[in-house]
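Spelled out from the first residue to the last, the chains are:
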Amino acid sequence: MEYELTVIIPVFNEEDNLERVKEEMLAFLHAAKKKSKVLFVNDGSKDSSLSVIQKICNENQEFFYISFDKNYGLSAAIKAGFDYADTHWVGYIDADLQTSPMDFNILLDYADQYQLVTGVRSNRKDSKVKNLSSKIANGIRRAFTHDGMDDTGCPLKIIQTEYAKKIPMFKGLHRFLPAMILLQNGKIKQLPVQHFERIAGKSKFHLWNRLIGPLSDCFAYIWMKNKYINYKVAEKKI
């Protein structure tokens, strides 16, 4: 049976989380509603993340990886995952495991009907400052994109790979994945998923890049929306 879903896991200095990531992903792979594999994208980690990833992939046939020559950022890691995915669906989850891989099965129930299915973190376990800044950032983004999404920062998504590969990614655009699917005339859906405290490692986001960055990215999105080319072939002979 061929793989149907590739789960992308961007990694930047997450050495203390990766063994737990392996165990939780193995549990998901065993219970997954569609045959799945894991693709680590090492985003130029400066700790021992790469060696841990290599060991995991050597010992488990459903685990694969690519490794950047330096740190390029989350959007680049996600794009690389899209570029290298060879399954019908592609998923995405953070290595901090503040969301559960098991909740991919919640999203998979709708994967045939929607081009993107995303989680909404219910009962978030983040600090008040982080929750407030995230709420403000989501409000700003919705005002620009009208995508109707409550939590695009939720690191738990499933996208039809055909659509994912057409997304013109640039830094910060990972926040606009639902909006970019809408530009392709795709359908999107959000569903509540679990959220947990970070157990190990450090968050790569802070007040500045959670608010100021998304605001500037909104203007980039508007420019892209106005320039975006979308077409549908009615007939062909090639």
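So, a few notes on the structure that sits alongside this text. From a predicted model like this one, the values you see are computed outputs, not experimental measurements.

**Some details on a nonpolar patch on the surface**
There is a patch of nonpolar side chains on the surface, built from Ile229, Tyr231 and Val233 and spanning about 400 Å² of accessible area. Mapped onto the elements of the fold, Tyr231 is located in the segment after α8 (207–227).

**Concerning the packing of aromatic side chains**
Counted according to the given criterion, the structure contains three aromatic pairs. Their ring planes at 50° and their centres at 5.5 Å tell us that Phe28 and Phe104 sit as a pair that is tilted. Of the two residues, Phe28 is situated in helix α1 (residues 18–31) and Phe104 in helix α4 (residues 104–108); the sequence distance between them amounts to 76 residues. Judged by relative accessible area, Phe28 falls into the buried class, the value being 0%. Centroid distance Phe68 to Tyr72: 5.2 Å. Interplanar angle 90°. Geometry classified as edge-to-face. The exposure class assigned to Tyr72 is partly exposed, which follows from its relative accessible area of 33%. Just above the ring of Tyr163 sits the side chain of Lys166; from NZ or CZ to the centre is 6.0 Å. The aromatic ring of Tyr110 is capped on one face by Lys189, whose charged end is 5.1 Å from the ring centroid.

Scoring rules and cut-offs
Residues numbered from 1 in each chain as written. Predicted model: local features only at pLDDT ≥ 70, side-chain atom pairs only at ≥ 80, totals over all residues. Heavy atoms only, no water. Patch = residues over 30% accessible without salt bridge, like charges linked within 9 Å, V, L, I, M, F, W, Y side chains within 5 Å. Areas by Shrake-Rupley, 256 points an atom, 1.4 Å probe, with all protein chains shown as cover. Salt bridge = Lys/Arg side-chain N within 4 Å of Asp/Glu carboxyl O. Helix = DSSP H or I, 4+ residues; strand = E, 2+ residues; numbered from the N terminus. Phe/Tyr/Trp six-rings, centres within 6.5 Å; stacked < 30°, edge-to-face > 60°. Buried < 20%, exposed > 50% of the residue type's maximum accessible area, 1.4 Å probe, protein only. Lys NZ or Arg CZ within 6 Å of the ring centre and 35° of its normal.

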